[in-house]
Amino acid sequence: MSNNKTIKSALISVFSKDGLEPIVKELNAQGVTIYSTGGTEKFITDLGINVIPVEDVTSYPSILGGRVKTLHPKVFGGILNRQNHNGDVKEMIEYDIPQIDVVIVDLYPFEKTVASGANAQDIIEKIDIGGISLIRAAAKNYADVICVSSVNDYAEFLELITDKKGDLTEADRKRFAAKSFNVSSHYDSAIFNYFNTEENIPALKLSETEGKVLRYGENPHQRGFFYGDFEAMFTQLHGKELSYNNLLDVDAAVNLMDEFKNDAPTFAILKHNNACGLAQRNTLLEAYNDALAGDPVSAFGGVLISNTEIDAATAEEIHKLFCEVVIAPSFTNEAETLLKGKKNRILLVLKDAELAQTTVRTCLNGVLVQDRNNITDKKEGTKKATVKAPTDAELDDLIFASKICKHTKSNTIVLVKNKQLCASGTGQTSRVDALNQAIHKAQSFKFDLNGSVMASDAFFPFPDCVEIAKNAGVSAVIQPGGSIKDQLSIDYCDNNNVSMVFTGTRHFKH
């Protein structure tokens, strides 16, 4: 027996009328009986199309200020009845319940209302009851009913009923049911998360309705997906689709450069989520050149980011480098044209979007969730640990180094001089190894470390690091402090004319 069903009746009750008109006209042209409520009913009537008010079916008016309109057995019976079930068919006749083949409904804009800063009462009133119930009922009974639950699906539904003359398959209805449960589950998650900002119930509800299949994951043999609204953060001007690894590097770059927002021109080059070059200068061209000097080898194939508009002069230098991605708040026309010279190079304009305030990662058979590390070390928050205080210039460099350190894989040591990253030791199993790696790297690129500063993401349990750093030319140190053996490092610095400040904040990044 065919599972095709021809649409003969539709219930339409929507908050937003955008895109609804052509659907209503097509249904009317196909002779479909239309039921509706309130504002939607008026909208359809104003189109000159006959519509039956739901009140005429239920013999009950909309009550409680519109809170109760469609919650009635004659409405839900018309949706939930099983058309091949003899008992259901008999009861439909007995209670004079009209069959409903299509439910077109959307939901009150709960998330938009929360985001607008509305008061609690207005937010509560935007928790949809009737709409969500209609969606669940129609989607559950996809064997007989098709549910259209989002304006985003109007075009597909219109094409479907136009091409098939309203004669839809069960596969059509099931696909729309899946879309509907996506809408309803996301809606309920948003409501729970709103209430849970105060209640702190130990439960996690994550829901992203925007998804994209990537070419592959971290490696070609792994599948990869991105869930989120990428276009809310970026405008892509040019280049190929971003890969899984590109997205991770872009995330690292954006979070790092957020530390230098509204500062003097700052440029960073990242590779595998870590900065391999970063500098701040009077002009962006100088900042780029000095960032590149930090590690011109690792910069190959890297992700580049600026905290200010990229001009033609800087773009001309960037164009000489093979890089995967270039990110900036804007590009001049000349710069954009020049950088588009490489067909696969990805150009991203970073919008003024809020960064995620929590981090989530899989762990064992569950997930780990934590607050975003929103503490940025500042001059006024440092505590002088040694007799000697850092000079103003050294303190500027120490804070600069600390910002980089915060966004570098642990264990890490960062060496900076004159607001230029000289080198960093990244992801090492010991702090001494991280320091030795940083020194070796800086020296291999001919950096003079005399007068440089050192930042550490965590405390020094022994004085070996400050001793190695002093012998390499480091004159000032910034670290969280907190080791029971802090005094050993302090004593070494005092005895060797090195200044050191404590921040009281550890910046592990795993």
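Residues numbered from 1 in each chain as written. Predicted model: local features only at pLDDT ≥ 70, side-chain atom pairs only at ≥ 80, totals over all residues. Heavy atoms only, no water.

Novice: Help me understand the overall build of the protein chain, please; the structure alone is not making it clear to me.
Specialist: Scanning the protein chain from N- to C-terminus turns up 18 helices and 23 strands. Principal-axis analysis of the C-alpha atoms places the extent of the protein chain at approximately 95 × 50 × 40 Å. Within the protein chain, the fraction of its 510 residues that count as buried is 45%. Accessible area for the protein chain stands at about 25500 Å²; split by element, carbon and sulfur atoms hold 51% of it. Charge-centre separation for the protein chain: the mean point of 53 positive side chains lies 4 Å from the mean point of 66 negative side chains. (Helix = DSSP H or I, 4+ residues; strand = E, 2+ residues; numbered from the N terminus. Buried < 20%, exposed > 50% of the residue type's maximum accessible area, 1.4 Å probe, protein only. Areas by Shrake-Rupley, 256 points an atom, 1.4 Å probe, with all protein chains shown as cover. Lys, Arg positive; Asp, Glu negative; His and termini not counted. Charge placed at Lys NZ, Arg CZ, Asp CG, Glu CD.)

Novice: Whenever I open this one, unusual backbone geometry confuses me. Can you help?
Specialist: In terms of backbone geometry, most residues other than glycine have negative phi values and most peptide bonds are trans. Here the bond from serine 410 into asparagine 411 is cis, since omega is -10 degrees, no more than 30 degrees from zero. With respect to the helices and strands, the residue asparagine 411 is situated in the loop between helix 15 (392–406) and strand 19 (413–416). Phi is positive for aspartate 96, which is not a glycine, with a value near 55 degrees. Checked against the element boundaries, aspartate 96 lands in the loop between helix 5 (86–94) and strand 5 (102–105).

Novice: Would you explain the nonpolar core in this entry?
Specialist: As a rule of thumb, nonpolar side chains are buried together in soluble globular proteins. Counting 38 residues, the largest nonpolar core has Val250, Leu278, Ile305, Ile327, Leu348, Ile404 and Val414 as the members making the most contacts within it. For valine 250, the contacting residues outside a window of four places in its chain are Phe234, Leu242, Val325, Ile327 and Leu348. If you look at the next biggest cluster of nonpolar residues, it comprises 26 residues, including Ala385, Val474, Val477 and Phe502. (Core = buried A, V, L, I, M, F, W, Y, C linked by side-chain atoms within 4.5 Å. Contact = heavy atoms within 4.5 Å.)

Novice: In this structure, what is going on with the state of the cysteines? I would like to understand it.
Specialist: By definition, a disulfide links two cysteine residues through a covalent bond between their sulfur atoms. A complete count under the given rule lists zero disulfides for this structure. Looking at the unpaired cysteine 323, the closest cysteine sulfur is the one in cysteine 276, lying at 11 Å. What makes cysteine 323 buried here is its relative accessible area of 3%. Of all cysteine sulfurs, the one in cysteine 276 lies closest to cysteine 422, which takes part in no disulfide; the gap is 14 Å. Taking relative accessible area as the criterion, cysteine 422 reaches 0% and is therefore assigned buried. (Disulfide = S-S within 2.5 Å.)

Novice: What exactly am I supposed to notice about the pairing of strand 12 (residues 274–280) here?
Specialist: The two faces of a sheet get side chains in turn, since along a regular strand they alternate between them. With seven of its seven residues buried, strand 12 lies for the most part within the structure. As paired strands, strand 11 (residues 266–271) and strand 12 are joined by six bridges and run antiparallel to one another. Residue pairing in the sheet places isoleucine 269 in a bridge with glycine 277 of strand 12. Between the antiparallel neighbours strand 11 and strand 12 lie two residues, among them histidine 272 with a positive phi of about 50 degrees. (Pairing = 2+ DSSP bridges.)

Novice: Just checking my understanding: could you explain the pattern of salt bridges for this structure?
Specialist: Pairing is possible between side chains of opposite charge, provided their charged atoms come close. Counted by the stated rule, this structure contains 21 salt bridges. For aspartate 258, the salt bridge identified is with arginine 372, shortest N-O distance 3.8 Å. Of this pair, aspartate 258 sits in the loop between helix 11 (244–257) and strand 11 while arginine 372 sits in the loop between strand 17 (366–371) and strand 18 (383–384); the two residues are 114 residues apart in sequence, bridging distant segments of the chain. Taking relative accessible area as the criterion, aspartate 258 reaches 33% and is therefore assigned partly exposed. Judged by relative accessible area, arginine 372 falls into the buried class, the value being 15%. Lysine 417 serves as the salt-bridge partner of aspartate 448, at 3.9 Å between the closest nitrogen and oxygen. (Salt bridge = Lys/Arg side-chain N within 4 Å of Asp/Glu carboxyl O.)

Novice: How do you make sense of the packing of aromatic side chains when you look at a structure like this?
Specialist: Each aromatic ring pair is described using two quantities: the centre-to-centre distance and the angle formed by the ring planes. For the coordinates displayed, the defined rule picks out eleven aromatic pairs. With 5.7 Å between their ring centres and 75 degrees between their planes, phenylalanine 15 and tyrosine 108 make a pair best called edge-to-face. Of the two residues, phenylalanine 15 is situated in the loop between strand 2 (9–13) and helix 1 (21–29) and tyrosine 108 in the loop between strand 5 and helix 6 (110–115); the sequence distance between them amounts to 93 residues. On the accessibility criterion, tyrosine 108 (25% relative accessible area) is partly exposed. (Phe/Tyr/Trp six-rings, centres within 6.5 Å; stacked < 30°, edge-to-face > 60°.)

Novice: Hey, could you run me through the side chain of aspartate 153 in this one?
Specialist: For aspartate 153, the position within the fold is in the loop between strand 6 (146–148) and helix 9 (154–163). Classification of aspartate 153 by relative accessible area gives buried; the value is 9%.

Novice: For this particular structure, what's the right way to read a negative patch on the surface?
Specialist: Together, Glu208, Glu210, Asp229 and Glu231 make up a negatively charged patch on the protein surface. Its place among the elements puts glutamate 231 in the loop between strand 9 (225–227) and strand 10 (234–238). (Patch = residues over 30% accessible without salt bridge, like charges linked within 9 Å, V, L, I, M, F, W, Y side chains within 5 Å.)

Novice: Sorry, what's going on with the environment of aspartate 457 here?
Specialist: Tracing the chain through its elements places aspartate 457 in the loop between strand 21 (452–456) and helix 17 (464–472). The class of aspartate 457 is buried, set by a relative accessible area of 0%. Once the C-alpha coordinates of aspartate 457 and isoleucine 404 are considered, the two residues, 53 residues apart in sequence, prove to be 9.7 Å apart. Beyond its immediate sequence surroundings of up to four residues, aspartate 457 is in contact with Cys405, Ser410, Asn411, Thr412, Arg431, Pro480, Arg506, His507 and Phe508. A polar side-chain atom of aspartate 457 sits 2.2 Å from a polar atom in the side chain of arginine 431. (Polar contact = N/O pair within 3.5 Å; in protein donor to acceptor, adjacent residues only side chain to side chain.)

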